[in-house]
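A structural walkthrough
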Amino acid sequence: MSAGTVIAGILFMWCVLSYRLARWSITAPIAMMLAGIALTSGADPPLAFDFGDLGEFERTVEIIVALLLFVDATEVPAGVIRRERSVVARLLGIALPLTLGAAFLTSLAFFPDQPGWVLAVLATVVVPLDLALAGALVRDRRVPGRLRDVLNVEGGLNDGVISPLFLLCVAGAAASRTTGGDYADALLTAVGAAGWAVGAGSLVGWLAGQLLRRSWARGWTLPAATRLAVLSVPIAAFSLSVSLGGNGFVASFVSGVCIAPALRHLPEDAVQMTDDLSTLLTLALWFLFGQMVNDEFWDGFHLSVILYAVLAVTLVRLVPVMLALTGTELSLSDRLLLGWMGPRGATTVVFGLLAAIELPAAGGGDFVSRVMVITVMVSIVLHGLSAEPVGRLYARRRRTSRELHGAE
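A brief report on the enclosed structure follows. Here the structure is a predicted model, which means the values were calculated and not measured.

Some points on a positive patch on the surface
On the surface, a cluster of positive charge is contributed by Arg82, Arg213, Arg214, Arg218 and Arg264. Classification of Arg82 as exposed rests on a relative accessible area of 55%.

Digging into the environment of Ala89
Along the chain, the position of Ala89 falls in helix H6 (residues 85–110). Separated by 236 residues in the primary sequence, Ala89 and Leu325 place their C-alpha atoms 10.0 Å from one another.

As for helix H11 (residues 223–243)
Here H11 spans 31 Å end to end across 21 residues, near enough to the 30 Å set by a 1.5 Å rise per residue. For H11, the full list of buried residues reads Thr226, Val230, Leu231, Val233, Pro234, Ala237, Phe238 and Ser241. Just past H11, the residue Gly245 takes up positive phi, approximately 85°.

Some points on the packing of aromatic side chains
In this structure the tally under the stated criterion is seven aromatic pairs. Where Trp286 meets Phe289, the ring centres are 5.4 Å apart and the plane angle is 80°; that geometry is what we call edge-to-face. Note that Trp286 and Phe289 are positioned in helix H13 (residues 272–298) at a spacing of three residues, about one turn of the helix. Neither residue differs from the other here; Trp286 and Phe289 are each classed as buried.

Some words on the side chain of Glu84
Relative to the elements of secondary structure, Glu84 occurs in the loop between helix H5 (78–83) and H6. Since its relative accessible area comes to 7%, Glu84 is described here as buried.

Topic: a nonpolar patch on the surface
Taken together, the side chains of Ile94, Leu98, Leu315, Val319 and Leu323 present a nonpolar region at the surface, about 430 Å² in accessible area. Those elements that provide at least two residues to the nonpolar patch are H6 and helix H15 (315–324). When you line up the elements, Leu323 lands in helix H15. By relative accessible area, which is 55% here, Leu323 ends up exposed.

Points about the packing of helix H9 (residues 145–176) against helix H16 (residues 332–340)
Two elements in contact, H9 and H16, have axes separated by 11 Å at closest approach and are oriented at 30°. The angle between H9 and H16 places the two elements in the roughly parallel class. Relative to H16, H9 is oriented so that their crossing is right-handed. Contacts between H9 and H16 involve Leu147, Val150 and Leu151 on the former and, on the latter, Asp334, Leu337 and Leu338. Looking at side-chain class alone, the contact of H9 with H16 contains five nonpolar, no polar and one charged residues.

Quick notes on the rules
Residues numbered from 1 in each chain as written. Predicted model: local features only at pLDDT ≥ 70, side-chain atom pairs only at ≥ 80, totals over all residues. Heavy atoms only, no water. Patch = residues over 30% accessible without salt bridge, like charges linked within 9 Å, V, L, I, M, F, W, Y side chains within 5 Å. Areas by Shrake-Rupley, 256 points an atom, 1.4 Å probe, with all protein chains shown as cover. Salt bridge = Lys/Arg side-chain N within 4 Å of Asp/Glu carboxyl O. Lys, Arg positive; Asp, Glu negative; His and termini not counted. Charge placed at Lys NZ, Arg CZ, Asp CG, Glu CD. Buried < 20%, exposed > 50% of the residue type's maximum accessible area, 1.4 Å probe, protein only. Helix = DSSP H or I, 4+ residues; strand = E, 2+ residues; numbered from the N terminus. Expected span 1.5 Å × (residues − 1). Phe/Tyr/Trp six-rings, centres within 6.5 Å; stacked < 30°, edge-to-face > 60°. Axes fitted to C-alpha atoms, helices over the stretch in contact; angles between N-to-C directions. Parallel < 35°, antiparallel > 145°, perpendicular 65-115°, else oblique. Left-handed = near helix turned anticlockwise from the far one by under 90°. Contact = heavy atoms within 4.5 Å. Nonpolar A, V, L, I, M, F, W, Y, C, P; charged D, E, K, R; others polar.

The structure is reproduced here in structure tokens:
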């Protein structure tokens with residue numbers, strides 16, 4: 001039986017049982033990962049994937065990242081940004097840089113033998129958020145809507161901010177392993193690529209948005225055609241940027257930001273096809289991640305990696321968020337929730353895979369991949385198990401507040 005058939009069958013069964021599985025916080029990514037672990041384990045597994053053709057695999061991963069970044073950019077609600085601009089600005093402008101710095105400094109303490117550029121790459125890999133793993137909490141009505149909105153906005157913008165930093169650090173790490181490597185040239189190239197990306201993404205996103213908006217207003221297009229047109233935007237932005245020597249990821253994200261205002265005048269499901277495709281590709285990637293888990297655990301447990309992973313998904317984010325939100329009107333429990341709820345998932349996986357491809361084994365690629373796998377596993381356990389207790393806590397607080405007001 002082909003791997004595609006197995007993956008499709010597992011996905012179908014999860015969809016059939018999704019409501020019941022959601023009660024145990026078993027999201028689609030977790031279900032696919034568990035299936036991947038089960039079916040690729042052992043000396044003679046039922047399924048095994050050979051990542052020998054790295055060029056083809058890298059292109060597939062890049063398309064997945066481009067679609068994810070585009071969808072994230074289009075789904076950021078402008079109203080929430082305006083309403084919560086102070087909190088969002090603190091999270092992205094203060095907490096995120098502090099979190100990246102904390103992840104880097106912590107890695108220096110745990111992995112002193114690794115080059116600084118490789119540790120910088122690692123920091124950008126373990127920091128991005130993926131709220132898909134905490135879907136139950138984000139949809140939990142017991143949690144205040146304001147907190148869920150802030151998490152959604154941060155999750156949507158977080159990846160787009162980190163992706164150029166990730167590629168910048170990869171360029172520096174690659175140059176550091178080249179004999180006579182020119183750091184300045186590598187960094188200037190990365191900065192120039194970001195500039196071309198912003199230009200290409202802005203052009204494609206704005207032009208596509210204007211054309212689609214006017215076409216829909218005049219009745220020249222159909223809803224199905226609109227969905228296809230939106231799907232073509234991140235692909236066009238990515239391709240144009242790469243052909244100009246730019247960063248395709250940044251271009252995809254920027255195109256999503258630029259087309260977002262026009263989407264409010266299009267059918268509500270205009271982005272649905274793009275979202276569904278990115279979800280499908282990501283779920284297939286989670287199945288492959290299951291094999292990576294097996295590969296890492298067969299090599300044995302590395303205590304330093306596990307300890308770093310635990311800190312990366314807890315204090316490395318929690319402390320900066322608490323500091324950044326000090327002085328706001330948010331209560332202590334609300335700030336704790338925003339600091340705690342930072343699951344690592346699909347973006348961390350694809351960044352880790354790209355780092356492993358771009359950096360040879362001697363250049364830290366295997367090291368980054370190993371830490372990425374353990375970090376995501378730790379996050380799945382901690383954030384997955386805590387989602388329901390957090391919901392119950394807020395429900396209890398709400399009941400207590402009502403009782404106090406009733407007594408008054």
